[in-house]
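# Fold and contact review
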Amino acid sequence: MKFGVSTFITDQGIAPDALGRAVEERGLDSLLIAEHTHIPVERRSPYPGGGDLPEIYYRTLDPFVALSAAASVTERLLLGTGIALVAQRDPIITAKEVASLDLISGGRAVFGIGVGWNREEMENHGTDPSTRGRLVNERLRAIRELWTAEKAEFHGEFVDFDPVYSWPKPVQRPHPPIWIGGGEGAFDRVASIGDVWLANRTTPEVLGPQIERMRRTAGRDVPVTLYAAPDDPASIEEYAEIGVERLLLYLPTRPESETLERLDRLAAVAGRFS
């Protein structure tokens, strides 16, 4: 079992460089951070967690700026988006951002992606929520083309460009791993585009059968990472038994001193299973 951290980096919590250094020093292997460009004041979309939307959702730093800061003070830590909202992102710019992060980190970028739940947020980016799944699939395929082809070209329903040069190319070959976030609705995307299923937090009893269905859909043994995992040892043992490869332990967004104390506790739990 591998252990990392999932969190929101905001202007009110620990700085990204201090966080990256602290996560690596404690032996955790990955840092994945959330993305929201903004949150509309008037919103119909219900918060999936229930209740009021936490303030951290509209205070997140740009993920690639934050991860670059963490990259500059770490050597081994995997640095990823958990998740990048591809439905709200230009694919050409996103391909360059991920590739640049992979280059400056020496091949440690992870591209965790999701479709998104906040319809009003994506509408402000010009995205039709009813077609966002197809849009995400096309943008991901276009991003892969930009990463891997000297003269990249893509023609689709939503993404269309003639041959272009786009550099840097990623350090990792053929490209940084694409971790597909979401529930069972994401299984076809995992099968066709994904390298890892980034599963939403759920119980081992529910997740075990989901993993079996996901792998049947994919036709291969896709690794599973669990987002915002609990730090309860009994639950961790159950996740290990059903074949979860990595747990991203949830780290609340707090000032530096509180964050370091919480990281110590998370590292102690993870150390019991290393």
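An account of the accompanying structure is given in this report. (Residues numbered from 1 in each chain as written. Predicted model: local features only at pLDDT ≥ 70, side-chain atom pairs only at ≥ 80, totals over all residues. Heavy atoms only, no water.)

### Some words on the overall build of the protein chain
The helix and strand tally for the protein chain stands at nine helices and 11 strands. The C-alpha radius of gyration computed for the protein chain amounts to 18 Å, which stays within 12% of the reference 19 Å derived for 274 residues, consistent with globular compactness. Across its three principal axes, the protein chain shows a C-alpha extent of roughly 50 × 45 × 40 Å. Scored against the burial criterion, the 274 residues of the protein chain give a buried share of 53%. Of all intrachain contacts in the protein chain linking residues separated by at least 6 positions in sequence, the fraction that spans at least 24 positions is 70%. (Helix = DSSP H or I, 4+ residues; strand = E, 2+ residues; numbered from the N terminus. Rg over C-alpha atoms; globule rule 2.2 N^0.38 Å. Buried < 20%, exposed > 50% of the residue type's maximum accessible area, 1.4 Å probe, protein only. Contact = heavy atoms within 4.5 Å.)

### Focus on the pairing of strand E2 (residues 30-33)
Alternating residues of E2 divide into Ser-30 and Leu-32 and Leu-31 and Ile-33, and every residue in both groups is buried. Summarising the sheet, strand E1 (residues 2-7) and E2 pair through three bridges and their orientation is parallel. For Val-5, the partnering residue across the bridge sits in E2 and is Leu-31. Between the parallel pair E1 and E2, the chain is carried across by helix H1 (residues 16-25), and the sense of this crossover is right-handed. (Pairing = 2+ DSSP bridges. Right-handed = clockwise from strand over helix to strand, strands pointing away.)

### A word on the packing of H1 against helix H9 (residues 256-271)
The angle between the axes and the distance between the axes are what describe a pair of packed helices. Close contact between H1 and H9 brings their axes to 10 Å; oriented N to C, the two are set at 20°. The angle between H1 and H9 places the two elements in the roughly parallel class. Seen from above, H1 lies across H9 with right-handed handedness. Residues Ala-18, Leu-19, Ala-22 and Val-23 of H1 pack against Glu-256, Thr-259, Leu-260 and Leu-263 of H9. (Axes fitted to C-alpha atoms, helices over the stretch in contact; angles between N-to-C directions. Parallel < 35°, antiparallel > 145°, perpendicular 65-115°, else oblique. Left-handed = near helix turned anticlockwise from the far one by under 90°.)

### Some points on the packing of helix H2 (residues 63-71) against helix H3 (residues 91-104)
At their nearest, the axes of H2 and H3 sit 10 Å apart, and the two run at 5° to each other. With respect to each other, H2 and H3 are oriented roughly parallel. The residues of H3 that touch H2, namely those facing Phe-64, Leu-67, Ser-68 and Ala-71, are Glu-97, Val-98, Leu-101 and Ile-104. Its residues assigned to classes, the contact of H2 with H3 shows six nonpolar, one polar and one charged. (Nonpolar A, V, L, I, M, F, W, Y, C, P; charged D, E, K, R; others polar.)

### Structural notes on helix H5 (residues 132-148)
An α-helix turns once per 3.6 residues; consequently, residues spaced three or four apart project the same way. Look at H5: 24 Å from first C-alpha to last across 17 residues, which is about the 24 Å you get at 1.5 Å a residue. Among all positions of H5, only Arg-132, Leu-135, Val-136, Asn-137, Glu-138, Arg-139, Leu-140, Ala-142, Ile-143, Leu-146 and Trp-147 are buried. (Expected span 1.5 Å × (residues − 1).)

### Quick word on the packing of aromatic side chains
The final tally for this structure, using the stated rule, is seven aromatic pairs. Look at Phe-8 and Tyr-57: their rings are 4.8 Å apart centre to centre, the planes differ by 50°, and that puts the pair in the tilted class. Remark: Tyr-57 occurs in the loop between E2 and H2 and Phe-8 occurs in the loop between E1 and H1; sequence separation between them is 49 residues. Both rings, one in Tyr-47 and one in Tyr-57, keep their centres 5.4 Å apart while their planes meet at 75°; by these two values the pair is edge-to-face. Within this pair, whereas Tyr-47 is found in the loop between E2 and H2, its partner Tyr-57 is found in the loop between E2 and H2, the two being separated by 10 residues in sequence. (Phe/Tyr/Trp six-rings, centres within 6.5 Å; stacked < 30°, edge-to-face > 60°.)

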